[in-house]
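Residue-level listing of the chains:
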Amino acid sequence: MICFGQKKDKNITTMHAKETRLQEIIEGTKQYVIPLFQRPYSWTSKEWSILWKDIAELAEMENPRTHFMGSVVNMPTTSVPHGVSKFLLIDGQQRLTTIFIILALLRNKARNDGNNKLADKIHNTLLVNQYEEGLDYYKLLPTQDDRKPFMNIINLENISDSKINEAYLFFEKKIKNSLCSSEKILKILTDNLSIVSIVLGSDDNP
């Protein structure tokens with residue numbers, strides 16, 4: 001683990017970072033909240049194409065390597081006695097939102113292929129907090145402009161006109177035309193994509 005910052009006492013570190021797999025970022029009962037000062041989802045086909053090219057190349061390998069896809073900077077919010085652990089997503093919202101869209105598509109493909117076990121696994125462990133209600137149900141909570149389109153994708157409701165919808169349609173076509181199985185693409189996403197997770201301390205300025 002790579003650590004940054006200095007300890008102010010034995011319990012508080014101003015900032016720390018570690019390289020980890022994507023699955024470790026999103027599994028468990030937690031929620032990443034995109035703060036209002038962040039810009040809306042803005043990736044286009046340029047960024048989508050680069051990401052898909054990386055995923056497709058890894059999926060075609062017999063023994064895929066680890067692929068570094070950037071950093072995610074977050075800050076824990078004030079903890080509550082019960083409920084979901086929440087983190088403000090300071091940086092990395094574009095790539096993380098895109099990953100959630102791809103996971104939703106893999107869930108849908110698995111369901112259409114009759115693989116309900118895989119579909120349920122993706123939905124309940126990677127997309128939502130299964131036993132939570134209201135907004136706490138979602139592992140990712142975008143800004144207001146993106147929230148409804150994102151929730152529609154997660155909930156299998158009618159998708160609306162938005163950048164998130166454009167991303168959904170782009171990757172839907174890519175996955176449909178791919179020769180790789182949902183299981184293989186999912187394994188690439190969860191096991192082979194590497195992220196540096198940077199967690200800010202309470203005294204850090206996001």
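Preceding this section is the structure that the text describes.
None of these values were measured; they are calculated from a predicted model.

Trainee: Go over the overall build of the chain with me, naming the residues and quoting the values.
Mentor: Each helix and strand counted, the chain has seven helices and seven strands in total. Counting over 206 residues, the chain shows a buried share of 48%. A sequence separation of at least 24 residues applies to 71% of the contacts in the chain between residues at least 6 apart. Split by element, the accessible area of the chain, about 11,100 Å² in all, is 50% carbon and sulfur.

Trainee: Can you explain unusual backbone geometry? Please cite residues and give values.
Mentor: If a residue is not glycine, its phi is most likely negative; likewise, a peptide bond is most likely trans. Positive phi outside glycine occurs at Leu-156, with the angle close to 60°. Its location among the elements puts Leu-156 in the loop between α5 (144-154) and α6 (163-177).

Trainee: Please set out the pattern of salt bridges residue by residue, giving values where relevant.
Mentor: Overall, the coordinates contain nine salt bridges when judged by the stated rule. The closest approach of N and O atoms between Asp-191 and Arg-21, which form a salt bridge, is 2.8 Å. Linking Asp-191 in helix α7 (residues 182-192) with Arg-21 in strand β2 (residues 13-21), this pair joins segments that are 170 residues apart in sequence. For Asp-191, a relative accessible area of 25% corresponds to the partly exposed category. Classification of Arg-21 by relative accessible area gives partly exposed; the value is 32%. Between Glu-157 and Lys-148 there is a salt bridge, and its shortest N-O distance comes to 4.0 Å. Residue Glu-157 is classed as partly exposed on the basis of its relative accessible area, which comes to 41%. Residue Lys-148 is classed as exposed on the basis of its relative accessible area of 51%.

Trainee: Can you lay out helix α2 (residues 45-59) for me, pointing to particular residues and giving the numbers?
Mentor: Given 3.6 residues per turn, any residue in an α-helix points the same way as the ones three and four places further on. If you check α2, its first and last C-alpha atoms are 20 Å apart, about what 15 residues at 1.5 Å a residue would give, namely 21 Å. Among all positions in α2, only Trp-48, Leu-51, Trp-52, Ile-55, Ala-56, Leu-58 and Ala-59 are buried. Angular distribution of buried residues about the axis of α2 spans 160°; they occupy a single face of the element. Its buried side turned inward, α2 meets β4 (67-76), α3 (93-112), α6, α7 and β7 (193-200).

Trainee: Which residues make up the pairing of β4, and what values do they have?
Mentor: Most of β4 is tucked away, with seven of its ten residues classed as buried. Bridge analysis of β4 against β7 gives six bridges, and the strand direction is parallel. Paired with Phe-68 across the bridge in β7 is Ser-194.

Trainee: Run through the packing of aromatic side chains, naming residues and quoting values.
Mentor: Throughout the structure, instances matching the rule amount to six aromatic pairs. The interplanar angle of 45° and the centroid separation of 5.4 Å between the aromatic rings of Trp-48 and Phe-170 together place this pair among those described as tilted. Residue Trp-48 is located in helix α2, and its partner Phe-170 is located in helix α6; the two are separated by 122 residues in the primary sequence. Phe-170 carries the same exposure label as Trp-48, and that label is buried. Grouped by ring-pair contacts, the aromatic residues Trp-48, Trp-52, Phe-170 and Phe-171 constitute a single cluster.

Trainee: So what's going on with the environment of Tyr-41? Residues and values would help.
Mentor: For Tyr-41, the location among the structural elements is in the loop between β3 (30-33) and α2. With 102 residues separating them in the primary sequence, Tyr-41 and Thr-143 have C-alpha atoms 8.7 Å apart. Among all residues touching Tyr-41, those that are not within four sequence positions of it are Trp-48, Gln-93, Gln-94, Thr-97, Thr-98, Asp-146, Lys-163, Ile-164 and Ala-167. Of note is the side chain of Tyr-41, whose polar atom sits 2.7 Å from the side chain of Thr-98.

Each value, and the rule that gives it
Residues numbered from 1 in each chain as written. Predicted model: local features only at pLDDT ≥ 70, side-chain atom pairs only at ≥ 80, totals over all residues. Heavy atoms only, no water. Helix = DSSP H or I, 4+ residues; strand = E, 2+ residues; numbered from the N terminus. Buried < 20%, exposed > 50% of the residue type's maximum accessible area, 1.4 Å probe, protein only. Contact = heavy atoms within 4.5 Å. Areas by Shrake-Rupley, 256 points an atom, 1.4 Å probe, with all protein chains shown as cover. Salt bridge = Lys/Arg side-chain N within 4 Å of Asp/Glu carboxyl O. Expected span 1.5 Å × (residues − 1). Arc of directions from axis to C-beta. Pairing = 2+ DSSP bridges. Phe/Tyr/Trp six-rings, centres within 6.5 Å; stacked < 30°, edge-to-face > 60°. Polar contact = N/O pair within 3.5 Å; in protein donor to acceptor, adjacent residues only side chain to side chain.

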